Amino acid sequence: MLDTSRGQDPAPTEEARGCLFALSQPPLMIFLTVIGVLLLIASLHDLFLL
């Protein structure tokens, strides 16, 4: 059944977390840094050595 009481709403147990929270995680930033460095090395190799 639907609760129609006028009591207080329960407090949220966890605050909403968005994209900036995800980007602040060290494993994700290390992974993105490694991918970025590999792309940079590949592009520099293509520009200067081929």
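Residues numbered from 1 in each chain as written. Predicted model: local features only at pLDDT ≥ 70, side-chain atom pairs only at ≥ 80, totals over all residues. Heavy atoms only, no water.

Student: Account for the overall build of the chain, naming residues and giving values.
Tutor: Looking only at helices and strands, the chain features 2 helices and 0 strands. As displayed, the chain offers around 5200 Å² of accessible surface, 69% of which is attributable to carbon and sulfur atoms. (Helix = DSSP H or I, 4+ residues; strand = E, 2+ residues; numbered from the N terminus. Areas by Shrake-Rupley, 256 points an atom, 1.4 Å probe, with all protein chains shown as cover.)

Student: Could you give an account of the environment of L28, naming the residues involved and the relevant values?
Tutor: As for its placement among the helices and strands, L28 is situated in helix α2 (residues 26-49). Ignoring sequence-local partners within four residues, the contact set of L28 consists of A22 and L23. (Contact = heavy atoms within 4.5 Å.)

Student: Residues and numbers for a nonpolar patch on the surface, please.
Tutor: A cluster of nonpolar side chains, contributed by L20, L23, L28, M29, I30, F31, L32, V34, I35, L38 and L39, occupies part of the molecular surface with about 1000 Å² of accessible area. Looking at the nonpolar patch, the elements that each hand over two or more residues are α1 (19-23) and α2. The topology assignment puts M29 in helix α2. (Patch = residues over 30% accessible without salt bridge, like charges linked within 9 Å, V, L, I, M, F, W, Y side chains within 5 Å. Salt bridge = Lys/Arg side-chain N within 4 Å of Asp/Glu carboxyl O.)

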